[in-house]
Every structure is written in C-alpha cells, then in structure tokens.
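Chain and residue survey
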Amino acid sequence: QVQLVESGGGLVQAGGSLRLSCVASGSIFIVNDIGWYRQAPGKQRELVAIISGGGITNYSDAVKGRFTISRDNAKNTGYLQMNSLKPEDTAVYYCNAGVLTSRYISERSYWGRGTQVTVSS
C-alpha cells in the first residue's frame, strides 16, 4: 500500500509564497511522474505542474513563471514552490504520483487527500 501526504498549504496574501510538499510512503519500488493538481470550488480539477522521474517538468500556462516543481528521489518527495500568488490560485492542491511497488507489478496512480491554499487580495 502507498500513501501520499501533502503539507504546506495555508492562508497567504496576494504576492506571497508557499511551498507544498508531497511525501510518498509505503511499499515503494520506484516513483515515476509526480504531479500537482488543484480544484477550486465549483471547478474541475486541473493539472498545475508535473515532473518526470528524470526531472523533466511541465506547467500549466496559468502558473508558468511563478511556480516551480521539484523532487527529491531519495526521500520520495515532491515539492511545489509557489511564488507571486494570486487570489485565483485559491484551491485545494492535490499530489498525484505514478508508483511501482515492485519490478513485477504495473505502475499505479495514487492521490493524496489535498491541502488547502487560500490567497487573499
């Protein structure tokens, strides 16, 4: 079994910064892609940023230039550094990871429970 736990959310003023963390634990062989998604009230969940196991990154246009995704493979941890935050960044942020629990078992996708980010104007 694999668990993803996010942390680092909170309330911040517009223009401020937050750093989210996502720790994967449990029966892990390899963590492949790590993605950060967000869901605002009344809206669909959307991809914010994703990083491959080899460190290749992609960002949504809404956050490009303001957010930075990174990872520490030794700690099975992903990060999302969020700078120049705007009220429209307010959402629950979720971590998603593709995990192999064994070299013999196909990759599965896991989700964390989310962390609230609120940006006041």
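In what follows, the structure referred to is the one given above.
Read on for an overview of the structure. From a predicted model like this one, the values you see are computed outputs, not experimental measurements.

With that settled, consider the overall build of the protein. Along the protein, the regular secondary structure elements total zero helices and 11 strands. When the helices and strands of the protein are listed from N to C terminus, the series reads β-β-β-β-β-β-β-β-β-β-β. Computed over C-alpha atoms, the radius of gyration of the protein comes to 14 Å, within 12% of the 14 Å expected from 2.2 N^0.38 for 121 residues, which places it in the range of a compact globule. In terms of overall dimensions, the protein has C-alpha extents of about 50 × 25 × 25 Å along its principal axes. Here the analysis covers contacts within the protein between residues at least 6 apart in sequence; of these, 56% occur between residues at least 24 apart. Taking the 12 positively charged and 8 negatively charged side chains of the protein as two groups, their mean positions are separated by 4 Å.

Per the stated rule, a full pass over the model turns up four salt bridges. Linked by salt bridges that have partners in common, Arg 38, Glu 46, Arg 66 and Asp 89 make up one network.

What counts as what
Residues numbered from 1 in each chain as written. Predicted model: local features only at pLDDT ≥ 70, side-chain atom pairs only at ≥ 80, totals over all residues. Heavy atoms only, no water. Helix = DSSP H or I, 4+ residues; strand = E, 2+ residues; numbered from the N terminus. Rg over C-alpha atoms; globule rule 2.2 N^0.38 Å. Contact = heavy atoms within 4.5 Å. Lys, Arg positive; Asp, Glu negative; His and termini not counted. Charge placed at Lys NZ, Arg CZ, Asp CG, Glu CD. Salt bridge = Lys/Arg side-chain N within 4 Å of Asp/Glu carboxyl O.

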